[in-house]
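Fold and contact review
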Amino acid sequence: MKNFPSRKELLNHINTVSFAVNDIQLYLDTHPDDEEALAFFHKYKEQRIKALEEYAACYGPLTIDSTDESCGDRWNWINEPWPWQEGGC
């Protein structure tokens, strides 16, 4: 049996990697030829995508980008607690 991270753990990880992606994007706007920064961007962008997919598979989609991972033949967003709701984590 696979041990899934808690909703709170996944949200914290998504927030962390999303911050890293957003921050490095700003840096790359002024340093577009920095290969090390570009590699950092790709690494954390991939981690963010995987974390969003994992969240969608476990708890439902968090963003519109991950709807295919959990919706199947039905639009289920309304059936789960929103990430910011008290007791949802």
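Structure: above.
Calculation rules
Residues numbered from 1 in each chain as written. Predicted model: local features only at pLDDT ≥ 70, side-chain atom pairs only at ≥ 80, totals over all residues. Heavy atoms only, no water. Phe/Tyr/Trp six-rings, centres within 6.5 Å; stacked < 30°, edge-to-face > 60°. Helix = DSSP H or I, 4+ residues; strand = E, 2+ residues; numbered from the N terminus. Axes fitted to C-alpha atoms, helices over the stretch in contact; angles between N-to-C directions. Parallel < 35°, antiparallel > 145°, perpendicular 65-115°, else oblique. Left-handed = near helix turned anticlockwise from the far one by under 90°. Nonpolar A, V, L, I, M, F, W, Y, C, P; charged D, E, K, R; others polar. Core = buried A, V, L, I, M, F, W, Y, C linked by side-chain atoms within 4.5 Å. Buried < 20%, exposed > 50% of the residue type's maximum accessible area, 1.4 Å probe, protein only. Expected span 1.5 Å × (residues − 1). Contact = heavy atoms within 4.5 Å. Polar contact = N/O pair within 3.5 Å; in protein donor to acceptor, adjacent residues only side chain to side chain.

1. Brief notes about the packing of aromatic side chains
For the coordinates displayed, the defined rule picks out two aromatic pairs. Ring plane angle 35° and centroid distance 4.4 Å describe the contact between Phe-40 and Tyr-44, whose orientation is recorded as tilted. With Phe-40 and Tyr-44 both in helix H2 (residues 35-59), this residue pair falls four residues apart, about one helical turn.

2. Observations regarding the packing of helix H1 (residues 7-30) against H2
Contact geometry of H1 with H2 gives a least axis separation of 9 Å together with a crossing angle of 150°. On the basis of their axis angle, the class for H1 and H2 is roughly antiparallel. For the pair H1 and H2, the crossing hand works out as left-handed. Partitioning the contact of H1 with H2 into residue classes produces 18 nonpolar, four polar and four charged.

3. Let's talk about the nonpolar core
Core analysis: the biggest nonpolar cluster contains seven residues, these being Leu-10, Leu-11, Ile-14, Ala-51, Leu-52, Tyr-55 and Tyr-59. Every element with two or more residues in this core is listed here: H1 and H2. Among the elements that line this core, the one with the most residues is H2, at four residues. With five residues, the next largest nonpolar core counts Val-21, Ile-24, Leu-28 and Phe-41 among its residues.

4. Notes on H1
Structural remark: α-helix, 3.6 residues per turn; residues separated by three or four positions point the same way. Across its 24 residues, H1 extends 35 Å between first and last C-alpha, which sits within 8% of the 34 Å expected from 1.5 Å per residue. Every buried residue of H1 is accounted for by Arg-7, Leu-10, Leu-11, Ile-14, Val-17, Ser-18, Ala-20, Val-21, Ile-24 and Leu-28. At its buried positions, H1 is contacted by H2.

5. Description of the side chain of Arg-7
For Arg-7, the position within the fold is in helix H1. A relative accessible area of 8% means that Arg-7 is categorised as buried. Looking at Arg-7, its side chain comes within polar contact range of the side chain of Tyr-55, at 3.4 Å.

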